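Residues per chain, in single letters:
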Amino acid sequence: MVTTATGDPSLQDPLPRILEDGVRAAWPICLGYLPIGLAFGVIAQKGGLSPFEIGLMSLLVFAGSSQFIALSMMGSGAGLPAIVMTTFLVNFRHFLMSSTLAVRLRGVPQKWLSLYAYGITDESFALNLTRFQEGPWDWKRAFVVNQTANVAWIGSTVLGGAGGTFLPAGAFGMDFALPAMFLCLLVFQLKGAFHGSAALFAGGSAVVLSLLFEGNGHIVAASLLGATAGLFLKKAFSRGRGKEERQ
């Protein structure tokens, strides 16, 4: 059963309780953002950005992988159109995440949807989707998760930029923090054989496409291929279970 924004009795909870639940759920994401944000801030500072510019970039973009890619492209002399297009392609997965969450946000006031969409990241998406599935969870708590993670990301990147002269970019394995966090998120999403098969298919597709084509378009293509494969596998699995039950 799908829990909608208007059908959850927890919406009647007082604001302090909603804030407490959201922040408590978000703190593991914030801890994960700390080393990654520090690493980004250090790299950005080494690339010539001031702490103010680093914070502004994190506020406007709020996408760790895209910000790292943008810094790399800026360092290589890429033009603004190329950076914008690459960022768009890398973040295209947000359309998929937003469409998945859309069924959970029925009845949410329109004025809040844009702010909610702004705060969606891979981490907050995975956490909120899991909470929606387990229940009870509502859009207000999910919104608090998004914005708490946003504050943590901006603060950690600014802190990294301010202390960039004292903290080398490769210190403490920070260059591995981002892929490590994505791997952890993947493991938490593996709930069955078809989930694992879709993940392996997407990962294999990404590797093959990255060898065949230049740029970062292979990330979007592999995501679409993995999602499509997962859909077909789930339908096949459902049909198989249906036949067994009829027998």
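Anything mentioned here points back to the structure above.
To keep things clear, this report deals only with the structure shown in the data block. (Residues numbered from 1 in each chain as written. Predicted model: local features only at pLDDT ≥ 70, side-chain atom pairs only at ≥ 80, totals over all residues. Heavy atoms only, no water.)

## Here we look at the overall build of the protein
Selection criterion: Comment: elements are numbered from the N terminus, with helices defined as DSSP H or I runs of at least four residues and strands as E runs of at least two. Exposure is judged per residue with a 1.4 Å probe applied to protein chains only, and the accessible area is read against the type maximum: over 50% gives exposed, under 20% gives buried, and values in between give partly exposed. By the convention used here, residues are in contact when the closest approach between their heavy atoms is within 4.5 Å. Reported accessibility uses the Shrake-Rupley method at a 1.4 Å probe radius. Residues are deemed covered only where the shown protein chains occlude them.
Looking only at helices and strands, the protein has eleven helices and zero strands in total. Burial statistics for the protein: of 247 residues in total, 42% are counted as buried. Relative to all contacts within the protein whose residues are 6 or more apart in sequence, the contacts with residues 24 or more apart total 76%. Taken as a whole, the protein presents about 13800 Å² of accessible surface, with 69% of it coming from carbon and sulfur.

## Points about helix α1 (residues 15-46)
Residue pairs spaced three or four apart in an α-helix point in one direction, given the helix's 3.6 residues per turn. Stated precisely, the cut-off is as follows: Two axes are fitted around each residue, one to the seven residues ending there and one to the seven starting there, and the angle between them is reported as the bend at that residue.
Maximum bend of α1: about 40°, positioned at Trp27, with proline Pro28 one to four residues after it. Immediately beyond the C-terminal end of α1, within one or two residues, lies Gly48, with a positive phi of roughly 105°.

## Observations regarding the nonpolar core
Selection rule: Nine residue types can take part in a nonpolar core, namely buried Ala, Val, Leu, Ile, Met, Phe, Trp, Tyr and Cys, and a core is a set of them joined through side-chain atoms within 4.5 Å.
Ranked by internal contacts, the top residues of the largest apolar core, which has 34 residues, are Phe40, Leu101, Leu105, Tyr116, Phe132 and Val145. Among the elements of the structure, α1, α2 (51-61), α3 (64-75), α4 (80-90), α5 (93-102), α7 (122-134) and α8 (139-162) are those that each provide at least two residues to this core. It is α1 that contributes the most residues to this core, seven residues altogether. Apart from residues no more than four positions distant in its own chain, Leu101 is found in contact with Tyr116, Ile120, Phe125, Leu129 and Phe132.

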